[in-house]
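The primary structure of each chain is shown beneath.
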Amino acid sequence: MTKAGTGTAVAAADAPARAVSLPRRRGIELALIVLAVLLSVYGYCAVGLAHTGSLPPGAVGYGAGLGVLALFAHLAVRLRAPYADPLLLPIGVLLNGLGLVLIYRLDLETPHDRAAPAQLVWSALGVALFTVVVAALRDHRVLQRYSYVCVAAALALLTLPILFPAVNGARIWIRIAGFSIQPGEFAKVLLAVFFAAYLAANRNALAYAGRRVWGMQLPTGRVLGPILTVWLLSVGVLVLERDLGTSLLFFGLFVVLLYVATGRTGWIAVGLLLAALGAIAVGRLEPHVHARVEDWLHPFASIEAGQGPNQLAQSLFAFAAGGVLGTGLGLGHSVLIGFAAKSDFILATAGEELGLAGLSALFLLYALLVERGYRAGLSLREPFGRLLAVGLASIIALQVFVIAGGVTGLIPLTGMAMPFLAQGGSSVVTNWAIVALLIRVSHCARRQYDGQVAP
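Residues numbered from 1 in each chain as written. Predicted model: local features only at pLDDT ≥ 70, side-chain atom pairs only at ≥ 80, totals over all residues. Heavy atoms only, no water.

**Student:** Explain the overall build of the protein here, please?
**Tutor:** Within the protein one finds 17 helices and four strands. Per-residue burial for the protein yields a buried fraction of 50% across its 455 residues. In the protein, 72% of the contacts between residues at least 6 apart in sequence involve partners at least 24 apart. When the accessible surface of the protein is summed, it comes to about 20600 Å², and 69% of that surface belongs to carbon and sulfur atoms. (Helix = DSSP H or I, 4+ residues; strand = E, 2+ residues; numbered from the N terminus. Buried < 20%, exposed > 50% of the residue type's maximum accessible area, 1.4 Å probe, protein only. Contact = heavy atoms within 4.5 Å. Areas by Shrake-Rupley, 256 points an atom, 1.4 Å probe, with all protein chains shown as cover.)

Here it is in structure tokens:
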């Protein structure tokens, strides 16, 4: 009796563990998408009521358009990535919807320069790209094979704007017959793919090979050389174009992925030191950047000189006017910021009209989006997907930090677009591509724990 019981116990112990069936949670995703669309429509209606006292005539069309786009995206996820994280898509829909509301609100103050219709078209293109990526890219690991194609395309995209005239002191746009595009937005995703692929293939050599300097194990030049060369070329081109915000983004992405690949905190210290030295050098030698540093150090100098508030001063006034609960959608004066109110400074409109409470909610949405991206990446067993997800989520995190820090006076202002919120077709399309790739990675991450092999 005892022997039989022991044998049964041993056999049970030797048997393979049964896979835990994970819920797909597509119903939760759909419910959250409906809530995101309703909140966006509510904001649209609140803006109209604040301005005219009646519902805006396009409220039904706006809600229907946003709802159809969100439904198409949801169907793509339900059919092609059923195990994906249920929060990623609703967060993207809500942020995109709020961005359209804020741009429409500013359009009411600038009837000669309406940006909301074009932003809605770009949003539709972004959702279309999202659907294509989710449906066609069955396995994110396929991208690893095309890492050098991605880096060649990224460098080509970064170089193109040099051939076109500067706009507001920077050469980052391509403008032809009234149509403009910012190639650097697409290049950042391509470079993230290349960095992830190269570091995944050489992570052991990066962590353990080479000499030890000041207590830090350095990789050999043969291993670190190619990726460092690509990074220097991309940043060098951006410095020539005076697009230092994107340069800072690429540098941060490079350091974060290098740390994740090697697990060595020394790389973070080296990255911060190099970033500080580069910022000091460029801030002193480059007139365009030096002017922004001076504005950051003395935001009210133009007022003291009798020239009126500059953009940064107006932004600080907007945040102060908003207080804790805000003035209410459609009741602020952030349009006084000027030509960049819908792009670089759109966060000032959110801060004034939604207040500290609404601004905190926005930052929590971004934090949740980044956290779910990190969670998906760190749940994978294979290094490329882990690095890719962390890199893509870090792009969002770094952009939010750089832009929010600039418009609040925490750091010098750099010209970048707040993800999903700001006016900019290239930016919103790229952000939807990032969410699509995170959807694919999270699908593979959750599916591997359901006893299935990633497709």
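The discussion continues.
**Student:** Is there a simple way to explain the nonpolar core in this structure?
**Tutor:** The nonpolar side chains of a soluble globular protein tend to be buried with one another. Ranked by size, the top nonpolar core spans 115 residues in total, and within it Phe130, Leu392, Met418, Trp432 and Ile439 carry the most contacts. The leading source of residues in this core is helix α16 (residues 383-407), at 14 residues. Apart from the residues within four sequence positions on either side, leucine 392 is in contact with Val189, Ala192, Ile434, Leu437 and Leu438. (Core = buried A, V, L, I, M, F, W, Y, C linked by side-chain atoms within 4.5 Å.)

**Student:** In this structure, what is going on with helix α12 (residues 287-297)? I would like to understand it.
**Tutor:** An α-helix turns once every 3.6 residues. As a result, residues three or four positions apart point the same way. Looking at α12, one finds that the buried residues are His288, Val289 and Val293. Down the axis, α12 shows its buried residues gathered within 140 degrees of arc, on one side only. (Arc of directions from axis to C-beta.)

**Student:** Looking at this model, I keep getting lost on the confidence of the model for the protein. Mind explaining?
**Tutor:** Close inspection of predicted coordinates is inappropriate for parts of the model with low pLDDT. Of all residues in the protein, 82% attain a pLDDT of 70 or more, and the chain-wide mean is 83. Note on residues 1-19: pLDDT is under 50 here. Beyond four places in sequence and across chains, it has two contacts. (pLDDT = per-residue confidence, 0-100.)

**Student:** Honestly, the environment of phenylalanine 317 in this entry has me stumped. Any pointers?
**Tutor:** Examined against the element boundaries, phenylalanine 317 turns out to sit in helix α14 (residues 311-322). The exposure class assigned to phenylalanine 317 is partly exposed, which follows from its relative accessible area of 38%. Through-space distance from the C-alpha of phenylalanine 317 to that of threonine 408 is 9.9 Å; in sequence the pair is 91 residues apart. Apart from the residues within four sequence positions on either side, phenylalanine 317 is in contact with Phe300, Ile303 and Pro309.

**Student:** Whenever I open this one, the packing of aromatic side chains confuses me. Can you help?
**Tutor:** Ring pairs (aromatic) are described by centroid distance and by the angle formed between their planes. A full pass over the atoms with the stated rule returns nine aromatic pairs. Considering the side-chain rings of tyrosine 44 and tyrosine 62, the 4.7 Å spacing of their centres and the 10 degrees angle between planes classify their relative orientation as stacked. With a gap of 18 residues between them, tyrosine 44 in helix α2 (residues 26-52) and tyrosine 62 in helix α3 (residues 59-80) connect regions that are remote in the sequence. Each member of the pair, tyrosine 44 as well as tyrosine 62, is classed as buried. An aromatic cluster of at least three residues, connected via ring pairs, comprises Tyr148, Phe194, Phe195, Tyr198 and Phe254. (Phe/Tyr/Trp six-rings, centres within 6.5 Å; stacked < 30°, edge-to-face > 60°.)

**Student:** Even after reading the chapter, I still don't get helix α7 (residues 183-201), so can you show me in this structure?
**Tutor:** With 19 residues, α7 ought to run about 27 Å at 1.5 Å a step, and its terminal C-alpha atoms sit 27 Å apart, in line with that. In terms of burial, α7 is a largely internal element, 16 of the 19 residues being buried. (Expected span 1.5 Å × (residues − 1).)

**Student:** Which parts of the structure should I look at to understand the side chain of glutamate 382?
**Tutor:** Relative to the elements of secondary structure, glutamate 382 occurs in the loop between α15 (346-379) and α16. Here glutamate 382 is buried and forms no salt bridge, its nearest opposite-charge partner arginine 141 lying at an N-O distance of 4.8 Å. Polar side-chain contacts of glutamate 382 include one of 2.5 Å to the side chain of histidine 140. What glutamate 382 contacts, discounting residues up to four positions off in sequence, is His140 and Arg141. (Lys, Arg positive; Asp, Glu negative; His and termini not counted. Salt bridge = Lys/Arg side-chain N within 4 Å of Asp/Glu carboxyl O. Polar contact = N/O pair within 3.5 Å; in protein donor to acceptor, adjacent residues only side chain to side chain.)

**Student:** It is not clear to me how the pattern of salt bridges should be interpreted in this structure. Could you clarify?
**Tutor:** Between side chains of opposite charge, a pair can form when the charged atoms approach closely. Applying the stated criterion to the full structure yields nine salt bridges. A salt bridge links lysine 342 to aspartate 107, with the shortest nitrogen-to-oxygen separation between them at 2.6 Å. Separated by 235 residues along the polypeptide, lysine 342 in the loop between α14 and α15 and aspartate 107 in helix α4 (residues 88-107) bring together distant segments of the chain. Residue classification places lysine 342 among the buried residues on the basis of a relative accessible area of 6%.

**Student:** Could you clarify how one ought to interpret the environment of leucine 157 in this entry?
**Tutor:** Mapped onto the elements, leucine 157 comes out in helix α6 (residues 147-159). Residue leucine 157 is classed as partly exposed on the basis of its relative accessible area of 24%. On a C-alpha basis, the gap between leucine 157 and leucine 190 in space is 10.0 Å, while along the polypeptide they are 33 residues apart.

**Student:** Help me out: how do you make sense of unusual backbone geometry in this one?
**Tutor:** Phi at arginine 25 is positive, roughly 65 degrees, even though this residue is not glycine. Mapped onto the fold, arginine 25 is located in the loop between α1 (2-14) and α2. A positive phi angle is found at phenylalanine 420, which is not glycine, with a value near 75 degrees. Mapped onto the elements of the fold, phenylalanine 420 is located in the loop between α16 and α17 (425-448).

**Student:** Looking at this structure, I do not really get a nonpolar patch on the surface. What am I missing?
**Tutor:** A cluster of nonpolar side chains, contributed by Leu30, Val34, Leu38, Leu71, Leu75 and Leu79, occupies part of the molecular surface with about 540 Å² of accessible area. When residues of the nonpolar patch are traced back to their parent elements, those giving at least two are α2 and α3. By secondary structure assignment, the location of leucine 75 is in helix α3. For leucine 75, a relative accessible area of 37% puts it in the partly exposed group. (Patch = residues over 30% accessible without salt bridge, like charges linked within 9 Å, V, L, I, M, F, W, Y side chains within 5 Å.)

**Student:** How should the packing of α2 against α3 be read in this particular structure?
**Tutor:** Each pair of packed helices can be described by the angle between their axes along with the distance between the axes. For the pair α2 and α3, interaxial distance at closest approach is 10 Å and the crossing angle is 160 degrees. Accordingly, the angle class assigned to the pair α2 and α3 is roughly antiparallel. The handedness of the crossing between α2 and α3 comes out as right-handed. Residues Arg26, Gly27, Glu29, Leu30, Ile33, Val37, Ser40, Val41, Tyr44 and Cys45 of α2 pack against Ala59, Tyr62, Gly63, Leu66, Gly67, Ala70, His74, Val77 and Arg78 of α3. Per-class residue counts for the contact of α2 with α3 are 11 nonpolar, five polar and three charged. (Axes fitted to C-alpha atoms, helices over the stretch in contact; angles between N-to-C directions. Parallel < 35°, antiparallel > 145°, perpendicular 65-115°, else oblique. Left-handed = near helix turned anticlockwise from the far one by under 90°. Nonpolar A, V, L, I, M, F, W, Y, C, P; charged D, E, K, R; others polar.)

**Student:** So what exactly am I meant to see when it comes to the side chain of serine 442 here?
**Tutor:** Relative to the helices and strands, serine 442 resides in helix α17. We classify serine 442 as buried; its relative accessible area is 3%.

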